[in-house]
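# Structure at a glance
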Amino acid sequence: MVALKIPTFTLNTGAKIPAIGLGAWMGTYGAQERAEAMVAKALKLGYRAIDTAAGYGSEAAVGRAIRGSGIPRGEIFVTTKLLSKHHSNVQEAFDKSLKELDVEYIDLYLMHWPQAEVNANSEMLEDALRHRGTSKAV
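Positions within a chain are numbered from 1, following the residues in the order the chain's sequence is written. Thresholds applied to this predicted model are a pLDDT of at least 70 for local features of residues and 80 or more for the giving and counting of side-chain atom pairs; totals over whole chains, interfaces and linings are not thresholded and use all residues. Based on all heavy atoms of the structure, the side-chain values leave hydrogens and waters out of the count.

Going by an unreviewed UniProt entry, the protein chain carries the name Aldo/keto reductase and comes from Exidia glandulosa HHB12029. You can read under Sequence similarities (unreviewed entry) in the UniProt record for the protein chain the words "Belongs to the aldo/keto reductase family." UniProt positions are given in the numbering used here, feature names are shortened, and annotations may be inferred rather than shown by experiment.

Written out as structure tokens, the structure reads:
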């Protein structure tokens, strides 16, 4: 197989994100084996951006595919997302995603379906995560 050459964009944090990535939503919850196989194949093809979310039920599968790929972690850009029902428990939700993925850090952590809620905003995300060093961009 010929590996893809994918350009990158630079985020305001200086992090580089590949312009093309793979989303790990399988259309049904809990399709772990299919998600893992899909991510593993995408990584072999040259994809270096993988998008998942706590709500997809695929974080553990994505992590297994990344660890099994033999590709250095620093060469793979991992995005996952905070569920809207966890906006008031950002740190706990982030830690759970980090554990599910079983990677050293998350490159980009997003609010999935952002909604206005008391005590939940992007500043809280940033304060809770980026300053710990376990998320490269928020």
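## Digging into the overall build of the protein chain
Helix and strand counts for the protein chain stand at 4 helices and 7 strands. Each helix is a run of DSSP H or I of at least 4 residues and each strand a run of E of at least 2, with the numbering of both proceeding from the N terminus. When the helices and strands of the protein chain are read in sequence order from the N terminus, they spell out β-β-β-α-β-α-β-α-β-α-β. Only heavy atoms enter the contact rule, under which two residues are in contact if any of them lie within 4.5 Å. Counted over contacts in the protein chain with a minimum sequence separation of 6, partners at least 24 positions apart contribute 69%. With an accessible surface of roughly 7,700 Å², the protein chain has 54% of that area assigned to carbon and sulfur atoms. With residues, only the protein chains shown are counted as cover, and all accessible areas are computed by Shrake-Rupley using a 1.4 Å probe.

## Considering the sheet that holds strand β5 (residues 77-82)
A pair of strands is treated as paired once DSSP finds two or more bridges between them. Spatially, β3-β4-β5-β6-β7 is the arrangement adopted by the 5 strands of the open sheet, whose pairing is parallel. Taken across any chain shown, the strands that pair with only one partner, and hence form the sheet edges, are β3 (22-23) and β7 (135-137).

## Some details on helix α3 (residues 90-101)
With 12 residues, α3 ought to run about 16 Å at 1.5 Å a step, and its terminal C-alpha atoms sit 16 Å apart, in line with that. The complete set of buried residues in α3 reads Val90, Ala93, Phe94, Ser97, Leu98 and Leu101. Viewed along the axis of α3, the buried residues span an arc of 135°, placing them on a single side of the element. Opposite the buried face of α3, by more than 90 degrees, sit the exposed residues Glu92, Lys96 and Lys99. Just past α3, the residue aspartate 102 takes up positive phi, approximately 55°. To estimate how far a helix should reach, multiply one less than its number of residues by 1.5 Å. Only protein chains enter the accessibility calculation, which uses a 1.4 Å probe. A residue is then buried if its area is under 20% of the maximum for its type, exposed if over 50%, and partly exposed in between. Read the arc as the range of directions from the helix axis to the C-beta atoms.

## Remarks on the layout of surface pockets
Of the two site types, the cavity is a set of points on a 1 Å grid over the protein atoms alone where a 1.4 Å probe fits but cannot get out, and the pocket is an open set with protein on both sides within 12 Å along at least five of seven lines, each lined by residues with an atom within 4 Å of a point. Grid points are joined across faces, edges and corners, and a volume is the space filled by probe spheres set on the points. Empty space within the largest pocket amounts to approximately 160 Å³. For the largest pocket, the full set of lining residues is Gln32, Ala54, Gly57, Ser58, Glu59, Ala60, Leu83, His86, Ala93, Lys96, Ser97 and Glu100. Counting residues per element, the ones that place at least two in the lining of the largest pocket are α2 (59-68) and α3. Ranked by the residues each element gives to the lining of the largest pocket, the list is headed by α3, at 4 residues. Any residue that is not Ala, Val, Leu, Ile, Met, Phe, Trp, Tyr, Cys, Pro, Asp, Glu, Lys or Arg is counted as polar, Gly included; the first ten are nonpolar and the last four charged. Along the lines of polarity and charge, the residues of the lining of the largest pocket split into 4 nonpolar, 5 polar and 3 charged.

## Side note on the pairing of β5
Looking down a regular strand, the side chains alternate between one sheet face and the other. For β5, the buried fraction is high: 6 of the 6 residues fall into the buried class. Whether a crossover is right-handed depends on one test, that the path from the first strand over the helix to the second runs clockwise when the strands point away from the viewer. Taking the sense of rotation as the criterion, the β-α-β connection linking strand β4 (residues 49-51), α2 and β5 turns out right-handed. Note: β5 against strand β6 (residues 106-111), 4 bridges, orientation parallel. Bridging across to β6, threonine 80 finds its partner in tyrosine 109. Remark: the β5/α3/β6 crossover connection has right-handed handedness.

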